[in-house]
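Architecture at a glance
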Amino acid sequence: MARERYLLHAGEDTIHDPEAEKKAEQANKTPHGKWENFWYYNKWKIIFGLFAAVVVVWSIVTSVTSEKADYTVGLLTEKTYPDSVLDTICTEMEKYGKDLNGDGKVVVQVSQFVLPGEESAKTATNISPSSDLAQQQQDIQMLQAYQAKWISDMSVGTSMILISDNANFMQQEKTNRIFSYLDGSNPSETATDYDNMRVPIAKCPKLANVDVTLEAGTTSVKMKLSEIMSDCSISIRRYKGTAIDGKADDYYNASMELLKKIIS
C-alpha cells in the first residue's frame, strides 16, 4: 500500500524500475517514512479524534465557567444563528422566568443544534457537494457533534422548550415524535394538527417585535426577531409518558409556565 503512495507522481519508467521500487521500500522503513505512511492512512481519524476532544473539553470548560441556567431552550435549525439572536432570545425570556436554582437571578440559555431538516435528511446530510474534501469532512464532523449533542439532550430532558424551523420541526416530529400539544398533552401517533404543537415566533407577543442588531462587516442593521426567524416556531417537548417522566417534574412545569407567558 505504501509503495503506491511513494510512486504516486512517478513516471511509467520509474514505477517499473526495480531500483526505484527498492528505494521506495527503504524510504518507507525509515522513521520519517513510517510517520508519513501512518499520517497518510490515518489523518482523518486523527483530525476527527482531535475535534471530538476539543468539543468535550469545550463542553466541560463551559459547564464549569458559565452561569448555571434555570432554563435551556433547544434551537433546531438548518442554519446557524448569530450570538446576537441567541442573546436576544435569552434576555427576553428571562423577563418571564423564575429563579429555579436559587442563585438570585434568572438565566436562560439557548442550546443550538444545526441539523438537516426533512428534505435534507433524505440525502442523510445538508453538506454542500461543491465544497472541497477537507471542508466536507469538517462539515460532517460538525453535524455528527450536533447530532450527538441533540441525542443527549433528548435523553435527559435538558431542553423542554424548543424553537425549530419548519424543516426541523417536521423531521423531528416524524422521526422522534418529540413535540407535545401546547397544553402538555400528547398527540396521537398519527396526529398531523401541527399548529396545536407550535406557535410561530411572529405570533409570540413577547418575542416577535424585539429588535436585534445584526453585524455585517463594518456595518450593522436592526431587524425584528420575527423577521430574522420568520420560519421558526416555539414548542414544548413531550414529557408525560416518556423515559424522563417523573425525573424532572419541577423543571418541566416551570418550562410550561414560561412557555405560556411567552406565547400569550
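Structure shown above.
Here the structure is a predicted model, which means the values were calculated and not measured.

**So, the overall build of the protein**
Each helix and strand in the protein was counted, giving ten helices and seven strands. Counting over 264 residues, the protein shows a buried share of 39%.

**What about a nonpolar patch on the surface?**
Judged by side-chain polarity, W35, F38, W39 and I47 come together as a nonpolar surface patch covering roughly 390 Å² of accessible area. Along the polypeptide, W39 turns up in helix α4 (residues 31-65).

**Considering the pattern of salt bridges**
Applying the stated criterion to the full structure yields six salt bridges. Ionic pairing is found between R177 and E173, a salt bridge with its closest N-O pair at 3.5 Å. Each member of the pair, R177 together with E173, is buried. Where E189 meets R177, a salt bridge forms, and the shortest distance between an N and an O atom there is 3.9 Å. Separated by twelve residues along the polypeptide, E189 in the loop between α8 (166-176) and β4 (199-200) and R177 in the loop between α8 and β4 bring together distant segments of the chain. One salt-bridge network, in which partners are shared between bridges, spans K98, E257 and K261.

**A word on the pairing of strand β7 (residues 232-236)**
For β7, a buried count of five out of five residues is recorded, marking the element as mostly surrounded by other parts of the structure. Along β7, one buried face is formed by C232, I234 and I236 and the opposite face, lined by S233 and S235, is buried too. Pairing between strand β3 (residues 161-165) and β7: five bridges, direction antiparallel. Bridge pairing in β7 places S164 opposite S233.

**A few points about empty space enclosed by the protein**
One pass over the full model with this rule turns up one cavity of 30 Å³ or more. There is about 30 Å³ of room inside the largest cavity. For the lining of the largest cavity, the per-class residue count stands at four nonpolar, one polar and three charged.

**Observations regarding the nonpolar core**
Membership of the largest hydrophobic core comes to 37 residues, with the highest contact counts inside it found for V85, M93, I163, M229 and I234. At the level of elements, β1 (71-77), α5 (83-94), β2 (108-114), β3, β5 (211-216), α9 (225-228), β7 and α10 (249-263) are the ones that each hand at least two residues to this core. The element that contributes the greatest number of residues to this core is α10, accounting for seven residues. The contact partners of V85, leaving out residues within four places of it in the chain, are V212, L214, L225, I228 and M229.

**Digging into α5**
Taking 1.5 Å of rise per residue, twelve residues should cover 16 Å, and α5 covers 16 Å from first to last C-alpha, within 8% of that figure. Among the residues making up α5, those that are buried are V85, L86, T88, I89, C90, E92 and M93.

**Observations concerning the packing of aromatic side chains**
Tallying each qualifying case throughout the model produces four aromatic pairs. Here the aromatic rings of Y239 and Y252 are separated by 4.5 Å at their centres, their planes lie at 15°, and the arrangement is stacked. Residue Y239 is found in the loop between β7 and α10, and its partner Y252 is found in helix α10; the two are separated by 13 residues along the sequence. The rings of F169, F179 and Y194 are connected pair by pair, giving a single aromatic cluster. The ring of F113 has K149 sitting right over it, with the charged end atom 5.4 Å from the ring centre. The side chain of R198 reaches across the aromatic face of F169, ending 4.2 Å from its centre.

**A closer look at α10**
In this model α10 runs 21 Å from its N-terminal to its C-terminal C-alpha over 15 residues, within 8% of the 21 Å that 1.5 Å per residue would give. Turning to α10, its buried residues number three or more, namely Y251, Y252, A254, S255, M256, L258, L259 and I262. Here the buried face of α10 lies against β1, α5, β3 and β7.

Rules of the game
- Residues numbered from 1 in each chain as written.
- Predicted model: local features only at pLDDT ≥ 70, side-chain atom pairs only at ≥ 80, totals over all residues.
- Heavy atoms only, no water.
- Helix = DSSP H or I, 4+ residues; strand = E, 2+ residues; numbered from the N terminus.
- Buried < 20%, exposed > 50% of the residue type's maximum accessible area, 1.4 Å probe, protein only.
- Patch = residues over 30% accessible without salt bridge, like charges linked within 9 Å, V, L, I, M, F, W, Y side chains within 5 Å.
- Areas by Shrake-Rupley, 256 points an atom, 1.4 Å probe, with all protein chains shown as cover.
- Salt bridge = Lys/Arg side-chain N within 4 Å of Asp/Glu carboxyl O.
- Pairing = 2+ DSSP bridges.
- 1 Å grid on protein atoms, 1.4 Å probe; cavity = no way out; pocket = protein on both sides within 12 Å on 5 of 7 lines; lining within 4 Å.
- Points joined across faces, edges and corners; volume = space filled by probe spheres on them.
- Nonpolar A, V, L, I, M, F, W, Y, C, P; charged D, E, K, R; others polar.
- Core = buried A, V, L, I, M, F, W, Y, C linked by side-chain atoms within 4.5 Å.
- Contact = heavy atoms within 4.5 Å.
- Expected span 1.5 Å × (residues − 1).
- Phe/Tyr/Trp six-rings, centres within 6.5 Å; stacked < 30°, edge-to-face > 60°.
- Lys NZ or Arg CZ within 6 Å of the ring centre and 35° of its normal.

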